[in-house]
Every structure is written in C-alpha cells, then in structure tokens.
Amino acid sequence: MINFFTRFIWSILLLPMLGNSRLIKNISYPKEYFIWPVQAKIGIAANFGELRSNHYHMGLDCKTDQKENMPVVAAAEGYIAKVKIEPFGFGRAIYINHPNGMTTLYAHLNDFYPELEKYIKEQQYQKKSWELYINLPENLFPVKQGQFIANSGNTGGSLGAHLHFEIRDTKTDKVLNPLLLGLPIADKVAPVIMNLAVYDRRQSTYEQKPIIVSLKKVNGVYVPASGNIQVASDKVSFAINAYDCYSGSTNQNGIFKATLSNQNNNILGFEMDSISYDDTRYLNAHIDYKTKSNGGNYFQHFSVLPGSIKGIYTTLEGEDGIIKLSDNNNHEISIDVYDVNNNKSVLKFNIKKTEKLSEIPKIQGQLFKPRQVNVFDNGSIQFSLTEKSIYDEFHFQYKEKKDGEDVIYQLHNGDVPVHDYFDLKIKKNLGNDDTGHVVIKRTLNNKNEFKKAVCMHSCIKITFFIRAHAKHVLLINSIRIIYSRKSFSIKCINTIAPGANCNFIIF
Ligand SMILES: [Zn+2]
C-alpha cells in the first residue's frame, strides 16, 4: 500500500507544471527520498550531463576522500536488483530498485557486503566467468536506507577513487539528474559563460569556422567584449562554452540548462534533466564537434542539428534555433544559463547582418545529407551510412594514395561524427593464399581491440564496432594496407573521432 502510494505521488509530481518560462520543463521530483550514498566528505568531481567524449556523463561522481574502501550505503530502502562485474565501464556495480519506481546505481566498487559478496562469488564459479551481469529476485537482498552495501573503489573504467552514482526511472531506464532529487550539494554560484560562437547557417556547421566572441561582464551581465556583432549572413545560430561550480569547489562541472531568446521571445532551450543511454551519443550533435575535435573547447549548440533528435532540447513550435536576420536592424539576443539550483547567468548582445552577404564557398566532394541513406562507391571502396548516421550535411572527401608499398585510403577527416555502425568494403584481391581470417586490431586510447573482418570474393568487409559503454569510434578516415611476402595488413591511421587508430591484419 505504501509502495503504491509513493509511486502514485511521484507520478503526479512528474507532470510538467506550467512555469514562467514555456521552454523550461519544471519537472519536480521528491526531494527527501534519497540520502548521500557514500560515507565521506560530501562533494562531487562531476555532475550529470557533463560533456564527455561521445557521451554525456550520466550520473554524479561522488568524492570518496581520494581513497578507496569508503562505505557505500543504500540511498533509500529497496532491494538489490542487479549486479554487474565487467573489466571496463562500471567495474563492479550494484543496482537497487526502490518502491518509488526508481533505481539507484553504484559503480567502480570494491567488495560488496559479505552476504552479497559470497553469493556473487558462487555465481561466478557456477557460470565459470569472472564477468557477470545478473538480475536478482526481489526477496533475496532487501536493503534499508543507509545500509552498508559495498566498499567504494576504482574498478572498471575509472581514473581515480570515486563512486559513480546514478538514479534511473526503473521502468524506462532513463537516467535522471540526481541533483534534482535534493542531494546535499550546496550551490549558490551561478554558471560562468566563457565564449559565444556564431555560425553561418547558410552552410554546414562542419564546413565553416564559427566566429568565436570573447565576453566580459558589465553590471552582472555577460556581453561581447567588442560590442555589437555583425555577420555577413542572414541565417545564424549560436553556441556557448560555459561551466558551473558548486559552492566551495573549483571543479568545473557542466551547466544544467540554458535558453535562447530572440527579440525577447524564448525560442529554444536545453536541459540536463534526464537522458537515456540510447541517446547519450547525441552529445556529438549537441556540441560543436568540429571545434572540439580540432583541439577547441566544448561549445553547446542552441540549435537542433537537422539529423539529430530533440533529446535535451525544447523548442517553440516551428523553431530550430536558427535565427533569420531578414532586415538590417539589430536583433536582440539573450541567453540564460542556469545550474540545478536556479542560479542564473545572462548573456545579452545585438546582432545584425552586413549590407553585403559573404559568398558561400563551393566545396568539392559528394554531398552527404542527414536523414537519408548515403552511399559511397568508387570502385575501390564502398560503404553506406544509414538515415541516422550524420547530423548535418557535408561534402565527403576521399583520397587514395600510395605510400611506398602501402595504399592509404583516406575517408574524409576527423571533423564529422558518425552515429551508428557501418560496413566498409575494400575491394582488394587477396590472392589464393590469403583466404584465411582477417583480424582487425583497433587501438583506441592505448587499448587494443580485435575483431574479425569478413573476406568476400575480392573484397574485405569490415564491420566497425562500438565498445559497450564507451562507444568511441565509428568512421575511420584512412586505412593503410601494408603488403609483405607472407602477411598483409591494413592500417587505419585516423578516425572521424580523433585519437583512435586501427589496423587490420590478415594471418
Ligand atoms: Zn562517473
């Protein structure tokens, strides 16, 4: 009865309430349900929605006094519903289901509490596998709020002792922003806006360099350091580089939400209130991927790229964040940036177009468009991208050149992110001796991964793959084939996502 009641209350609270701004969701969650999940000095090293390589950070990184083995406790009563043990990702992790319809996740753990540890060890022996992902029935390991469940650690893909903590909606597995649920992180500090980026939206965001505008603060409001902005285009969009700190910390965490107003009309906003793991890769459409991959900062777009999904964005009907400067007057733009506690920073500026618009440069190459299948086949290589693969159009560049005995197949460059898997076919006659296996070795962040490629008649078919939680690289941009008498190897030198590198070896 109590369970039903709390669940009922929560669903009522989840209904969006009419707020003062149409574009902010104003969802209200229960504020006193969960307690801080680790017994250490309260603090976070990362918050929800922070921008990471190919994904949003999906939880809180709770500090553990820079030590391992701090007591991790159940944030609320419930039962242990899942245990996961994996070499990367979450390492050793516990999932607790709560009667209010939410699940909490505790990751990078060391030992679990004795009864659970014993049970898990037995399961590992039984399954003859160290790696484990098991669901547990409701009555097996019930927990009370504050009950010790594990020692904190640094297991899996963790770069230092901490507890990764998530709160999810149990039914949908959507991950919620834990700081919306009343956890004790005091924050009276408004976000900091570093720079503004202005894009000419007559052309692809991947085929231009945005104007980067430095900002200064005048009477508490951010403004462009050099006054009004003039652009040689009649269609523009914006992005900002910003961060947030909580009280007493210099950690630069992610901002919570931001809205864009054109002539005092709120047209678009984005908000890190909940994100699902299925959508987390759309981060690559939220940020200016090209600027970031060329060593620049994270700029968060105030426009939904044409091949992306709404996801974290809310827009006014018919708006996508692109602003039309149809006359020669100044347009008043305002960008409001908030943290979870509603501390706000405001950026205001005027923008107008110049008398004469700039000419749009002609770019060689096959035009790849979002929301359609794009096929490339030049007789030497062939691949096709799905409707979901790219977020903005671009002219695909292909180069093939000899490098000594090697052939380098260069597929575009590192500026364009790709959303999903695709096969690349290289038409190469391997000869009679080489009908054996082709193994792909991919090196990513100094880790090697291997995968078998498929040989078909006279070509090699390579299926690119994503690693479970990291989902790093999809499109290679150059492949080197190295021949020697007995071995044949293809080396992928770069990828469309930077920092990755793979090679394919036949033996
Ligand atoms: Zn984390």
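Residues numbered from 1 in each chain as written. Predicted model: local features only at pLDDT ≥ 70, side-chain atom pairs only at ≥ 80, totals over all residues.

A. The overall build of the protein chain, seen in detail. A tally of regular secondary structure across the protein chain gives four helices and 39 strands. Considering the protein chain as a whole, with its 507 residues, one finds that 39% of them fall into the buried category. Partitioning the contacts of the protein chain with sequence separation of at least 6, the portion at a separation of at least 24 is 68%. (Helix = DSSP H or I, 4+ residues; strand = E, 2+ residues; numbered from the N terminus. Buried ≥ 20, exposed ≤ 12 C-beta atoms within 10 Å, placed from the backbone. Contact = placed C-beta atoms within 7 Å.)

B. Layout of the environment of His286. Take His286: it is sitting in helix H3 (residues 283-286). Accessibility expressed as a C-beta count within 10 Å gives 24 for His286, which makes it buried. For the pair His286 and Ala239, spaced 47 residues apart in sequence, the C-alpha separation works out to 9.3 Å.

C. Spatial organisation of the confidence of the model for the protein chain. Here the protein chain averages 83 in pLDDT, while 76% of its residues score no lower than 70. A low-confidence stretch, residues 1-21 stays under pLDDT 50, and its non-local contacts, those more than four residues away or across chains, total 22 contacts. Low pLDDT, under 50, characterises residues 432-437; the predicted model gives this stretch eight contacts beyond four residues in sequence or across chains. (pLDDT = per-residue confidence, 0-100.)

D. Region of interest: helix H2 (residues 114-127). Compared with the 20 Å implied by 1.5 Å per residue over 14 residues, the 20 Å span of H2 between its first and last C-alpha is a close match. For H2, the buried fraction is low: zero of the 14 residues fall into the buried class. (Expected span 1.5 Å × (residues − 1).)

E. Geometry of the nonpolar core. Of all hydrophobic cores here, the largest spans 93 residues; its most connected members are Ile94, Tyr106, Phe238 and Ile335. What Ile94 contacts, discounting residues up to four positions off in sequence, is Ile80, Val83, Tyr106, Leu109, Phe112, Ile149 and Ala150. (Core = buried A, V, L, I, M, F, W, Y, C linked by C-beta atoms within 7 Å.)

F. Region of the structure containing the pairing of strand E14 (residues 192-200). Most of E14 is tucked away, with seven of its nine residues classed as buried. Of the strand pairs in this sheet, E14 and strand E18 (residues 235-243) are connected by eight bridges, and their pairing is antiparallel. By the bridge assignment, Tyr199 is partnered in E18 with Ser237. Here E14 runs beside strand E15 (residues 211-218); their pairing, made up of four bridges, is antiparallel. Looking at E15, one finds that Ala197 is bridged to Ile212. (Pairing = 2+ DSSP bridges.)

G. Quick look at the environment of Ile211. One can find Ile211 in strand E15. Ile211 gets classed as partly exposed once you count the C-beta atoms within 10 Å, which come to 16. Sequence-wise, Ile211 and Ile229 are 18 residues apart; in three dimensions their C-alpha atoms are separated by 9.8 Å. Among residues more than four places away in sequence, those in contact with Ile211 are Ala197 and Val198.

H. Quick peek at the environment of Ile255. Note on placement: Ile255 falls in the loop between E18 and strand E19 (257-262). The class for Ile255 is buried, based on 26 C-beta atoms found within 10 Å. Contacts of Ile255, omitting those with residues within four sequence positions, involve Pro191, Ala242, Tyr243, Asp244, Val337 and Asp339.

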